[in-house]
Amino acid sequence: MSKYLSLGKFSFGMGDRFAHQGKAQLQACVLATQLGADVVPVWNKSNREHTFIGTEPASLRAEADAAVKALGWKKPYHVDADHIRLETVDRFIAPSDFFTIDVADTIGKPAAAADVKAFIERHPEFGGQISIPQIRQPLEISRAEVERVANKFLLAVQDAGKIYRHIAKAKGEANFVTEVSMDETDLPQTPPELLIILAALADEKIPLQTIAPKFTGRFNKGVDYVGDLKQFEKEFNEDLAVIAFAVKQYGLPPSLKLSVHSGSDKFSIYEPMRKALKKFNAGVHIKTAGTTWLEELIGLAEAGGDGLEIAKDIYSYAIQHVDEFCAPYATVIDIDKQKLPSAAMVGGWTSQQFVSALRHDQKNPDYNPSFRQLLHVSFKVAAKMGDRYYAALTKHEAVVAKNVTANLLERHMKPLLIGPRKSANNSRRLSAVKA
Ligand SMILES: [Zn+2]
């Protein structure tokens, strides 16, 4: 395996569409670290987000560096070129030190028959039973199954190899973290498929730090997990077992871990994940993004006056363009149009009514997931507002930052990395953050 930059055990991916919340986001990492969860901040922005908002990847690097300097952060941090491909990676190479190589598009396209044959011959361990520590029943992987999986994934893995080598040549192999993502596809990858994929990635000599499979269930944008929690927990545990096994078996980097592209706010899976990570002494990378944009809106609404006006104007525009805004996200949102309040109704709301509908507090009877998801996909409206939106972010920085920090720390990092008991013990200390 070539040289590589390794990623710390627990890392937290944060998206910041409008590049104003870097310090507030980093502050959540500072506080989580003080509570004993050593979390590596990673700022991520996909090519799609840069394109929608009209920003360049270098701006994310500038934001991360500025936040780190302002808060005196001395530990590692990274800038993730999220969901890049060979056609889109070049403008990310200089400013990024973390690359999420997205090969979902090539999944299902068959590799050359000779390559599939060579893969099967190189891996006689498949074609029968494989006993994996911590998985009760041996995995049953027949020759026919290896062939099926190789036909489905080998080309995607070869694609990942090509993109990896392209980046390594331009940047130097020791200078970046490599993630391979397969989440934006139709079907989840099962633990046996993950094992075969990892064997193939090792064959490509990719010094993989994180792999982002598609998990079972729905990971809708900005709202909680929808699916069979027991099944998720079983597969998440098996995936951890498969990774530990593949690291030894195929000489992959010992720091290899799962990356969960959460679509933000998958609160109900955090506890089963935390338990599994503890059981396996495993690390994890969790990627969030849009949750911070929604906290900006919450902060503006909470500020009242012109801030609340902006939040209402964004909703009013969004509700007139529901189909247009939802189309690119059709597979990752579930909006009940009947539950969307009219623009006129929202126009009459107080700060508290707007915040209650939007803030992801499932205990609040006024929380409205349809309202939240529509606003999640409507960030283009704020981008179009331009200076009016940016000026409001600056004017109301304190109330926005408070929401951004508390959201990441209280709803994400604490439940995932710290757990309920310790969190309760520290609640007095943390009330200072909320105030
Ligand atoms: Zn993803």
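Reading guide: rules and limits
Residues numbered from 1 in each chain as written. Predicted model: local features only at pLDDT ≥ 70, side-chain atom pairs only at ≥ 80, totals over all residues. Heavy atoms only, no water. Donors = N, O, S within 2.8 Å, 3.2 Å for Na, K, Ca; no water. Helix = DSSP H or I, 4+ residues; strand = E, 2+ residues; numbered from the N terminus. Buried < 20%, exposed > 50% of the residue type's maximum accessible area, 1.4 Å probe, protein only. Phe/Tyr/Trp six-rings, centres within 6.5 Å; stacked < 30°, edge-to-face > 60°. Lys NZ or Arg CZ within 6 Å of the ring centre and 35° of its normal. pLDDT = per-residue confidence, 0-100. Contact = heavy atoms within 4.5 Å. Pairing = 2+ DSSP bridges. Right-handed = clockwise from strand over helix to strand, strands pointing away. Axes fitted to C-alpha atoms, helices over the stretch in contact; angles between N-to-C directions. Expected span 1.5 Å × (residues − 1). Bend = angle between axes of the 7 residues up to and from the residue. Polar contact = N/O pair within 3.5 Å; in protein donor to acceptor, adjacent residues only side chain to side chain.

### What to know about the coordination of the zinc ion
Thought 1: The coordination sphere of the zinc ion, as far as protein atoms go, consists of His 83 (NE2), Asp 183 (OD) and His 261 (ND1), spread over 2.0 to 2.2 Å.
Thought 2: Sequence spacing of the donor residues for the zinc ion, all on one chain, is H-x99-D-x77-H. Separated by 78 residues along the polypeptide, Asp 183 in the loop between strand E7 (177-181) and helix H6 (191-203) and His 261 in strand E9 (residues 257-261) bring together distant segments of the chain. In this structure, Asp 183 and His 261 share a single accessibility class: buried.

### Details of the packing of aromatic side chains
Thought 1: Under the criterion given, the structure shown has 22 aromatic pairs.
Thought 2: An angle of 45 degrees between the planes, with centres 6.0 Å apart, marks the rings of Phe 52 and Phe 379 as tilted. Pair noted here: Phe 52 is in helix H2 (residues 47-53) and Phe 379 is in helix H15 (residues 379-385), with a separation of 327 residues, a long-range link.
Thought 3: Of the residues examined, Phe 52 reaches a relative accessible area of 26% and is grouped as partly exposed.
Thought 4: Overall, Phe 379 belongs to the buried group, its relative accessible area being 1%.
Thought 5: Here the aromatic residues Phe 215, Phe 219, Tyr 225, Phe 232 and Phe 236 are joined through ring pairs into a cluster of three or more.
Thought 6: If you follow Arg 17 out to its NZ or CZ, it ends over the ring of Phe 379, 4.3 Å from the centre.
Thought 7: For the cation-ring pair, Lys 380 lies above Phe 52, with the distance from its terminal atom to the ring centre recorded as 4.4 Å.

### A look at the confidence of the model for the protein chain
Thought 1: In the predicted model, the protein chain carries a mean pLDDT of 94, and the fraction of residues at 70 or more is 96%.
Thought 2: Low confidence marks residues 430-435, where pLDDT is under 50. Its contacts with residues over four positions away, or in another chain, come to 11 contacts.

### Observations concerning the environment of Phe 232
Thought 1: Secondary-structure assignment places Phe 232 in helix H7 (residues 229-250).
Thought 2: Here Phe 232 falls in the buried class, since its relative accessible area comes to 1%.
Thought 3: C-alpha of Phe 232 to C-alpha of Met 385: the two residues are 153 residues apart in sequence and 40 Å apart in space.
Thought 4: Leave out the neighbours within four places in its chain, and Phe 232 touches Phe 215, Thr 216, Phe 219, Tyr 225, Ile 269 and Met 273.

### Some thoughts on the pairing of E9
Thought 1: Of all 5 residues making up E9, 5 are buried, and the element is well covered by its neighbours.
Thought 2: In terms of strand pairing, strand E8 (residues 210-212) meets E9 through 2 bridges, oriented parallel. In the strand pairing of E9, Thr 210 is matched with Lys 257.
Thought 3: For the crossover that starts at E8, traverses H7 and ends in the parallel E9, the hand is right-handed.
Thought 4: Where E9 meets strand E10 (residues 284-287), 4 bridges bridge the pair, whose relative direction is parallel. Note on E10: the bridge partner recorded for Ser 259 is His 285.
Thought 5: With helix H8 (residues 267-280) bridging E9 and its parallel neighbour E10, the resulting β-α-β unit is right-handed.

### Considering unusual backbone geometry
Thought 1: Positive phi, normally seen in glycine, also occurs at Lys 205, with a value near 60 degrees.
Thought 2: Looking at where Lys 205 falls in the secondary structure, it is placed in the loop between H6 and E8.
Thought 3: A relative accessible area of 56% means that Lys 205 is categorised as exposed.
Thought 4: The phi dihedral of Ser 264 is positive, around 70 degrees, even though this residue is not glycine.
Thought 5: Of the residues examined, Ser 264 reaches a relative accessible area of 1% and is grouped as buried.

### Looking at the sheet that holds E10
Thought 1: Taken together, the 8 strands give a closed barrel; going around it, the order is E1-E2-E3-E4-E7-E8-E9-E10, and neighbouring strands pair in parallel fashion. With direction set aside, neighbouring strand axes in the sheet form an average angle of 25 degrees.
Thought 2: Two elements, strand E2 (residues 39-46) and strand E3 (residues 78-84), share 5 bridges in a ladder whose sense is parallel. Residue pairing for E3: Val 42 is matched across the bridge by His 78.

### Quick notes on helix H5 (residues 143-171)
Thought 1: In a regular helix each residue adds 1.5 Å, so 29 residues correspond to 42 Å; H5 covers 39 Å between its end C-alpha atoms and thus fits that length.
Thought 2: Taken as a whole, H5 carries its principal kink of about 45 degrees at Phe 153.
Thought 3: One or two steps after H5, the chain reaches Gly 172, where phi turns positive at roughly 95 degrees.

### Observations concerning the side chain of Asn 47
Thought 1: Inspection of the secondary structure assignment puts Asn 47 in helix H2.
Thought 2: With a relative accessible area of 17%, Asn 47 lands in the buried category.
Thought 3: Looking at Asn 47, its side chain comes within polar contact range of the side chain of Arg 91, at 3.0 Å.

### Describing the environment of Val 332
Thought 1: Tracing the backbone through its elements, the reader meets Val 332 in the loop between helix H11 (322-326) and helix H12 (343-347).
Thought 2: Classification of Val 332 as partly exposed rests on a relative accessible area of 23%.
Thought 3: Spatially, the C-alpha atoms of Val 332 and Glu 184 are 9.6 Å apart, while their sequence positions differ by 148 residues.
Thought 4: Apart from residues lying up to four places away in sequence, Val 332 is in contact with Arg 218, Phe 219, Asn 220 and Lys 221.

### Observations regarding H6
Thought 1: End to end, H6 covers 19 Å across 13 residues, agreeing with the expected 18 Å (1.5 Å per residue, within 8%).
Thought 2: Taking burial as the measure, the 13 residues of H6 include 11 buried ones, the bulk of the element.
Thought 3: Turning to H6, its buried residues number three or more, namely Pro 191, Glu 193, Leu 194, Leu 195, Ile 196, Ile 197, Leu 198, Ala 199, Ala 200, Leu 201 and Ala 202.

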